[in-house]
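# Inside the fold
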Amino acid sequence: LNYFLIFLIYSIGLFSDLRVFNHPLKRLSLQLITILIYLYINKINIDHINLIYIDNFLSNYVISLLFTLFCFLILINGSNFIDGSNLQCSGYYFSVLIIFGILIKNGFLFLDELKIKFLFIFLISFITFNFYNKTFLGDGGSYLLSFIVGVISIKFFNLNYISPYFIALLLWYPAFENLFTIIRRKYYNNRNVDQPDTKHLHHLVIKYLKTKKYKKFVLKNIFGFLVFLYNIIIFLIGSMFIYDSKIQILLIILSVIVYMLIYQKFKTLINK
């Protein structure tokens, strides 16, 4: 049943790629049902985030389950948003797996070491071909990759009693991209949130670099590489303070500020 549900998550994205199942609300509904069943049968849920008032609500299993479902929906759809250039989504999750590999070496408990090693090998192979524009994740790949890493992350959190904000730090980028895209489309661009556009950060950066006559090969890879480089540095810092929620929150805030400053900078450059 687990394999079927995971395959179904991939298939939702695959049919979207093939323009067979392209209605956003129907796609979201199927994601919701599939992920909810997976979380329920595997007893995967977030039952605390170290905020006493919210933790009182999360002590209720139903609320905890729905909260976890909400987090997954944000994560996988945000991951689809960041899959806009080579290495961007795959490189991001590669940086997360590198951190997990370091934590395994440092003696932290994992239930999914074999799965992490498999994903690590897969991403090395995938990134190599993606770098040369030969392979792409698509909706199916981004849904599948983010879902599996999300499951591993929650299991790791529940097993090691670390700061929940360390996991939030590891997954901040797709989550924030999702939130920012919804706000931007709804309130600033006056369009439906499910209508695609070309105003994501990677679009702005690549559009600007095109004006500087960079080679096509560089344009397709540079943003994804920079995303990887920034996040691996932030994650390494966070991994040194894995129990300290204050530092994790500061790193998340820093990352959001850096994102917004870069977005505004390139938006200004494009509109000149």
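Provided above is the structure to which this section pertains.
Described below are features of the structure shown in this document. All values derive from a computational prediction rather than experimental measurement.

## Section: helix H9 (residues 172-188)
Along its 17 residues, H9 runs 22 Å from first to last C-alpha, staying within 8% of the 24 Å computed at 1.5 Å per residue. Looking only at H9, the buried set comprises Trp 172, Tyr 173, Pro 174, Phe 176, Glu 177, Asn 178, Phe 180, Thr 181, Arg 184 and Arg 185. Summarising the contacts, the buried residues of H9 are in contact with helix H4 (61-81), helix H5 (88-105), helix H8 (164-170), helix H10 (201-211), helix H11 (216-239) and helix H12 (245-271).

## Overview of the pattern of salt bridges
Across all of its chains, the model carries 2 salt bridges by this definition. A salt bridge links Lys 115 to Asp 112; its shortest N-O distance comes to 3.6 Å.

## Structural notes on the side chain of Ser 64
You can see Ser 64 is positioned in helix H4. A polar contact is formed between the side chain of Ser 64 and the backbone oxygen of Ile 46, at a distance of 2.6 Å. Not counting chain neighbours up to four residues away, the residues in contact with Ser 64 comprise Asn 45, Ile 46, Asp 47 and Leu 58.

## Side note on the packing of aromatic side chains
Scanning all chains against the criterion turns up 26 aromatic pairs. One aromatic cluster is present, built from ring pairs that chain together Tyr 92, Tyr 93, Trp 172, Tyr 173, Phe 176, Phe 180, Phe 235, Tyr 259 and Tyr 263. It is Lys 43 that lies over the ring of Tyr 40; its NZ or CZ is 4.8 Å from the centre.

## Digging into the nonpolar core
Membership of the largest hydrophobic core comes to 76 residues, with the highest contact counts inside it found for Tyr 93, Phe 100 and Phe 156. At 10 residues, helix H7 (residues 138-160) tops the list of elements feeding residues into this core. What Phe 156 contacts, discounting residues up to four positions off in sequence, is Phe 100, Leu 103, Phe 108, Leu 109, Phe 110, Ile 162, Phe 166, Ile 167 and Ile 242.

Conventions and cut-offs
- Residues numbered from 1 in each chain as written.
- Predicted model: local features only at pLDDT ≥ 70, side-chain atom pairs only at ≥ 80, totals over all residues.
- Heavy atoms only, no water.
- Helix = DSSP H or I, 4+ residues; strand = E, 2+ residues; numbered from the N terminus.
- Expected span 1.5 Å × (residues − 1).
- Buried < 20%, exposed > 50% of the residue type's maximum accessible area, 1.4 Å probe, protein only.
- Contact = heavy atoms within 4.5 Å.
- Salt bridge = Lys/Arg side-chain N within 4 Å of Asp/Glu carboxyl O.
- Polar contact = N/O pair within 3.5 Å; in protein donor to acceptor, adjacent residues only side chain to side chain.
- Phe/Tyr/Trp six-rings, centres within 6.5 Å; stacked < 30°, edge-to-face > 60°.
- Lys NZ or Arg CZ within 6 Å of the ring centre and 35° of its normal.
- Core = buried A, V, L, I, M, F, W, Y, C linked by side-chain atoms within 4.5 Å.

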